[in-house]
Amino acid sequence: MIKIINLEKKAGENRIIIHNFNVEIEQGEAVLVKGPSGCGKTTLLKILAMVDTYDSGQYFYDGRLVKCTNDMINSKIRKYDIGYIPQNLHLIANLCAYENIMLSLRLQKNLSKAKEKIYEIAKYLEIENLLDTAAGRLSRGEQQRVAIARACVKKSRIIIADEPTASLDEEGRDKVMKLFTHMNQSGKTIILSSHDRVNENFISFEIELLQKES
């Protein structure tokens, strides 16, 4: 499914964020990305989610080389194959939570039973009473749950989640991890970074990134 060969990403001319990185991820695996702050976890997940480019090496998705984020085929993969939960969430502040979640279904033109799907996942994440509230008026933890719902409500093959439980309490974290576990057991690939405790039985393997010297 995903194969990365000798991938390198720089910040400017001198700072290397990711160097000589290699990994293969098969459909249905669950992968935990670990490492200290600043080691490149967010950058790696952005590249895997096809919202950022890399400087050298190769990224293959289903045997096809991925390079440019504005490529029409890559855009189609992002739309239909990937549910992405970025660390900064990327919610539209003046839209209500319901419309933020609905956006992923509108982009896929997957509106069959959309309302039922949204309310089902909102109820599970305990945000069903917040669906009419503008995203900009929600707390950080509430916004995080909206972003999780937006990614998980759509049909996709992969969930890529960057610190998806960072602003949640223990009960909220457990619910999200149970959701990811259920989705993985249904055949969906899960790639996430987290500083929180993750059930080792859920994870196929870990990727540990090291702090790069400046």
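Source: prediction; values computed, not measured. Think of each chain on its own: its residues are numbered from 1, step by step along the sequence as written. Only residues with pLDDT of 70 or above have their local features reported here, since the model is predicted, and side-chain atom pairs are shown and tallied only from 80 upward, although totals for entire chains, interfaces and linings are computed over all residues. Each side-chain value is worked out from all heavy atoms of the structure, with water and hydrogens disregarded.

(A) Fine view of the layout of surface pockets. Here the term cavity refers to a set of points on a 1 Å grid, laid over the protein atoms alone, in which a 1.4 Å probe fits but cannot get out; the term pocket refers to an open set having protein on both sides within 12 Å along at least five of seven lines, with lining residues being those that place an atom within 4 Å of a point. Grid points are joined across faces, edges and corners, and a volume is the space filled by probe spheres set on the points. One number sums up the size of the largest pocket: a volume of about 500 Å³. Along the walls of the largest pocket sit 18 residues, with Arg-78, Tyr-84, Leu-107, Arg-150 and Lys-154 positioned nearest its centre. Each helix is a run of H or I in the DSSP string that is no shorter than four residues. Each strand is a run of E no shorter than two, and both are numbered from the N terminus. The leading source of residues in the lining of the largest pocket is helix α3 (residues 97-108), at 4 residues. Classification used: nonpolar for Ala, Val, Leu, Ile, Met, Phe, Trp, Tyr, Cys and Pro, charged for Asp, Glu, Lys and Arg, polar for all others including Gly. The residue makeup of the lining of the largest pocket, split by class, is 9 nonpolar, 5 polar and 4 charged. Here the second largest pocket defines a volume of roughly 320 Å³. Among the residues forming the lining of the second largest pocket, the class breakdown is 6 nonpolar, 2 polar and 4 charged.

(B) Geometry of the environment of Gly-172. With respect to the element layout, Gly-172 can be found in helix α6 (residues 170-185). For Gly-172, a relative accessible area of 17% translates into the label buried. Counting along the chain gives 102 residues from Gly-172 to Asn-70, while the straight-line C-alpha distance between them is 35 Å. Summary of the burial criterion: residues with accessible area below 20% of their type's maximum are buried, those above 50% are exposed, and those between are partly exposed, where the area comes from a 1.4 Å probe applied to protein chains only.

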